[in-house]
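A closer look at the structure
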Amino acid sequence: MMVLITYDVSFDSDDGKKRLRQLAKLCLDYGTRVQYSVFECDIDPAQWVQFKAKLLATFDPDVDSLRFYMLGKGWRKKVEHHGAKPALDLFADTLII
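Calculation criteria
- In every chain, residue numbers begin from 1 and rise along the written sequence.
- pLDDT decides what is reported in this predicted model: residues at 70 or higher carry local features, side-chain atom pairs at 80 or more are listed and counted, and totals for whole chains, interfaces and linings draw on all residues regardless.
- Working from all heavy atoms in the structure, the side-chain values ignore hydrogens and water.
- Aromatic pairing here means that ring centres of Phe, Tyr or Trp (its six-membered ring) are within 6.5 Å. Orientation follows from the plane angle: under 30 degrees is stacked, over 60 is edge-to-face, and everything else is tilted.
- The secondary structure listing takes helices from DSSP runs of H or I that are at least 4 residues long and strands from runs of E that are at least 2 residues long, numbered from the N terminus.
- Defined by distance alone, a disulfide is two cysteine sulfur atoms within 2.5 Å.
- Here the axes come from fitting lines to C-alpha atoms, over the contacting stretch only for helices, and the angles between their N-to-C directions go from 0 to 180 degrees.
- Orientation categories follow fixed angle ranges, with anything under 35 degrees roughly parallel, anything over 145 roughly antiparallel, 65 to 115 roughly perpendicular, and all other angles oblique.
- In what follows, a contact means two residues having at least one pair of non-hydrogen atoms within 4.5 Å.
- Amino acids are sorted into nonpolar (Ala, Val, Leu, Ile, Met, Phe, Trp, Tyr, Cys and Pro), charged (Asp, Glu, Lys and Arg) and polar (every other residue, Gly among them).
- A pair is scored as a salt bridge if a Lys or Arg side-chain nitrogen falls within 4 Å of a carboxyl oxygen belonging to Asp or Glu.
- The cut-offs for exposure are 20% and 50% of the maximum accessible area for each residue type, with area from a 1.4 Å probe on protein chains only; residues under the lower value are buried, those over the upper are exposed, and the others partly exposed.
- DSSP-based pairing: two strands are paired if at least 2 bridges between them are found.
- UniProt positions are given in the numbering used here, feature names are shortened, and annotations may be inferred rather than shown by experiment.

1. Some remarks on the packing of aromatic side chains
- Scanning the entire structure with this criterion turns up four aromatic pairs.
- Measuring from centroid to centroid gives 5.9 Å for Trp48 and Phe51, while their planes differ by 80°, and the two rings are edge-to-face. Of this pair, Trp48 and Phe51 both sit in helix α2 (residues 45–58), three residues apart, roughly one helical turn.
- Pairing Trp48 with Phe68 gives two aromatic rings, centres 5.1 Å apart and planes at 90°, and the pair type is edge-to-face.

Here it is as structure tokens:
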């Protein structure tokens, strides 16, 4: 399933920059950065439970914002992209690792 994750971290507290780095690192472990604080994560439900718990444990709910947009399996029909940074579609072509 595809989950779009966005966050906004406050720098008013001393550890704001640290939380920002931690959230970005977690998101990069599970997905692709499409904008500075926006990530597309193609993830299975079991991974999602663990990932979400890590994100919720990292952000500060009193000053930060964390949003999850559940696009599901049919996400390609729901996403339209224009401009720079074209999306990488791992399932469109053969991928050799």
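Following the structure, the description resumes.
2. Some remarks on the state of the cysteines
- Counted according to the given criterion, the structure contains zero disulfides.
- Cysteine Cys27 remains unbridged, with the sulfur of Cys41 as its closest cysteine sulfur at 5.6 Å.

3. A short note on the packing of helix α1 (residues 16–30) against α2
- With their axes 10 Å apart at the nearest point, α1 and α2 run at an angle of 170° to one another. Considering the angle they form, α1 stands roughly antiparallel to α2. Here Arg19, Gln22, Leu23, Leu26, Cys27 and Tyr30 of α1 lie close against α2, whose contacting residues are Gln47, Phe51, Lys54, Leu55 and Thr58.
- For the contact of α1 with α2, the per-class residue count stands at six nonpolar, three polar and two charged.

4. Some details on the pattern of salt bridges
- Throughout the structure, instances matching the rule amount to three salt bridges.
- One salt bridge connects Arg19 with Asp64, and the closest N-O pair in it is separated by 2.6 Å. Within this pair, whereas Arg19 is found in helix α1, its partner Asp64 is found in the loop between α2 and β4 (65–72), the two being separated by 45 residues in sequence.
- Residue classification places Arg19 among the buried residues on the basis of a relative accessible area of 4%.
- In this structure, the salt-bridge partner of Lys25 is Asp29, at a minimum N-O distance of 3.7 Å. In this pair, Lys25 and Asp29 both sit in helix α1, four residues apart, roughly one turn of the helix.

5. Focus on the sheet that holds β4
- Taking strand neighbours across the sheet as the criterion, the four strands line up as β2-β3-β1-β4 in an open arrangement whose pairing is antiparallel. Only two strands of the sheet have a single partner each, and these edge strands are β2 (32–35) and β4. For this sheet, the mean inter-axis angle between neighbouring strands, taken without regard to orientation, is 25°.
- In the sheet, strand β1 (residues 2–8) pairs with strand β3 (residues 38–42) via five bridges, with the strands oriented antiparallel. When the bridges of β3 are listed, Ile5 appears paired with Phe39.
- Together, β1, β2 and β3 form the strand contacts of α1, whose direction differs from that of β3 by roughly 30°.

6. Some points on the UniProt feature "binding site: Mg(2+)" (unreviewed entry) in the protein chain
- The feature "binding site: Mg(2+)" (unreviewed entry), as given by UniProt, occupies Asp8 in the numbering adopted here.
- Residue placement: Asp8 occurs in strand β1.
- Overall, the relative accessible area of 53% leaves Asp8 in the exposed class.
- Excluding residues within four positions of it along the chain, Asp8 makes contact with Asp64 and Ser65.

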